[in-house]
Amino acid sequence: MTITREDIFREIEPQIGEAYDRHITAVARDTISLDPYSLVPIQDYEQIRVGFNEHVNEWATNGIDILPLVKSALLVDAATEENLPWYTALLTGGFESWVDWNARWTAEEKSHGEIMVRDIEARGIMDMTTEWLRARELNMVKGIHPEIPTPQDGIAYVVTQELLTRAAHFGLARLMDSAGRKSLRAVGADEGRHYQFYVSAAHALAIAFPDLALMAMRRQHEGDNFGMPGQKGIPAYEALAKIIALGGMFDAITVLEAQKKTIDEAGLLQAVPVSDEGKQALDWAYGISERTDPTWERKTKLMSKIRERATKSIDPNGLKPVILGTTVELVDNEFKAII
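Notes on the structure follow. (Residues numbered from 1 in each chain as written. Predicted model: local features only at pLDDT ≥ 70, side-chain atom pairs only at ≥ 80, totals over all residues. Heavy atoms only, no water.)

**Re the packing of aromatic side chains**
Going by this rule: Aromatic rings from Phe, Tyr and Trp, taking only the six-membered ring of Trp, are treated as a pair when their centres fall within 6.5 Å; an angle between ring planes under 30 degrees marks them as stacked, one over 60 as edge-to-face, and anything in between as tilted. Strands here are runs of E lasting at least two residues and helices are runs of H or I lasting at least four, both read from the DSSP assignment and numbered beginning at the N terminus. The buried label applies to any residue whose accessible area, calculated with a 1.4 Å probe on protein chains only, is under 20% of its type's maximum; exposed applies above 50%, and partly exposed to all values in between. Counting as a charge over the ring demands two things of the Lys NZ or Arg CZ atom: a distance within 6 Å of the ring centre and an angle within 35 degrees of the ring normal.
One pass over the full model with this rule turns up eight aromatic pairs. A centroid spacing of 5.6 Å and a plane angle of 85 degrees characterise the contact between Trp 101 and Tyr 198, whose relative ring orientation is edge-to-face. One end of the pair, Trp 101, is in helix H6 (residues 96–123); the other, Tyr 198, is in helix H9 (residues 178–208), with 97 residues separating them in the sequence. Judged on exposure class, the residue Trp 101 and its partner Tyr 198 are both buried. When the ring centre of Trp 296 is taken as reference, the NZ or CZ atom of Arg 291 above it lies at 4.9 Å.

**Focus: the pairing of strand E3 (residues 328–331)**
Put simply, the rule reads: Between any two strands, at least two bridges found by DSSP are needed for them to pair.
Strand direction decides the pairing type here: E3 and strand E4 (residues 334–337), joined by four bridges, are antiparallel. The residue bridging Val 328 from the neighbouring strand is Ala 337, located in E4. The hairpin formed by E3 and E4 contains two residues between the paired strands, and Asp 332 there has a positive phi angle of roughly 55 degrees.

**Some points on helix H14 (residues 294–309)**
We apply this condition: Under the convention used throughout, the expected extent of a helix is 1.5 Å for every residue step, that is, one less than its residue count. Contacts were defined at the residue level, with two residues in contact if any of their heavy atoms lie within 4.5 Å.
The terminal C-alpha atoms of H14, which comprises 16 residues, lie 23 Å apart, in line with the 22 Å expected from a rise of 1.5 Å per residue. Each element contacted by the buried residues of H14 is listed here: helix H11 (237–247), helix H12 (252–265) and helix H13 (276–289).

**Considerations on empty space enclosed by the protein**
Selection criterion: In the cavity and pocket records, a cavity denotes points on a 1 Å grid over the protein atoms alone where a 1.4 Å probe fits but cannot get out, a pocket denotes an open set with protein on both sides within 12 Å along at least 5 of 7 lines, and lining residues are residues with an atom within 4 Å of a point. Grid points are joined across faces, edges and corners, and a volume is the space filled by probe spheres set on the points.
This model, assessed by the stated rule, comprises one cavity of 30 Å³ or more. In this structure, the largest cavity encloses a volume near 30 Å³. If you go around the largest cavity, the residues you meet are Gln 152, Ile 155, Ala 156, Ala 202, Leu 205, Ala 213, Met 217 and Leu 268. Those elements that place two or more of their residues in the lining of the largest cavity are helix H8 (151–173), H9 and helix H10 (210–221). The element contributing the most residues to the lining of the largest cavity is H8, with three residues.

**Side note on the layout of surface pockets**
This is how the line gets drawn: Under this grouping Gly is polar, as are all residues other than the nonpolar Ala, Val, Leu, Ile, Met, Phe, Trp, Tyr, Cys and Pro and the charged Asp, Glu, Lys and Arg.
Considering only enclosed or pocket space, the largest pocket measures out at about 810 Å³ in volume. Considering the residues around the largest pocket, the lining is formed by 32 residues, among which Gln 231, Tyr 237, Ala 241, Asp 251 and Ala 252 are closest to the centre. Within the residue set of the lining of the largest pocket, elements represented by two or more residues are helix H4 (67–83), H8, H11, H12 and H14. Looking at which element gives the most residues to the lining of the largest pocket, the answer is H11, with seven residues. Among the residues forming the lining of the largest pocket, the class breakdown is 18 nonpolar, seven polar and seven charged.

As structure tokens, then:
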């Protein structure tokens, strides 16, 4: 028996409707999205820039240059958010609750990009007409996104991607000035609510079609299969990602932790597959959840080597880069300089 796209959406439609209603209640605001003009008011740009420069100089007194990391993370995060509406067509299912969700999700993601662009502009972090415009146009015009051949693959990919986007924004907030922390945490909280919607969809899918849910999760996440939006579209992505990973905001272990959380909270370990491929996918899911899959050891060693090999050289201003475990450490969920 062939299970169609319509079969899948019809079966999980009630849970989708409930998840959408929960999202509307949780957001508890009249507007469809966060308001960039309130979070990053244009009349406050000068004050924001002064505060950010003071923040940068405070880090410099500890011998650390935070600008490359903040610039890299904001560029990648903003370009990622602006690219996400490309997923709208891929995720459309044709059923009322899903269509309603998809429209709202697109609007909320658009506002996230606008907020982060204003964060960049207000602080004067990069030239908006050269550096930012080039990154934005190359990424958005191409509309690059991962292969999502089925509804179950779409859910398996986006649920973890939303959780990781939340982690990226919260990670950057740890190093930002007070105004930046406020806006990034607001965006990160929105991404957390998006994750809750998609994890409800993943859970409903695991109950209705356990084999399909498990196999899709494995397809999208096994080994090095998973890639963040913008990975193939943002110029110099690998170099930017390395800076971000060295700083400890977002690295290979962040991805594994998100995959584990998704598997656990979507109830995939309670799924009862009947096919051999479904059972193999369940074994893989257990390996990620219990940290016994060899990917954990391989990527942990990889990150250790990358940080060990990271340059310890001092730049012309006498400052060191942000490198987790070398120049900074995480204390009470905030970055602290290692003196």
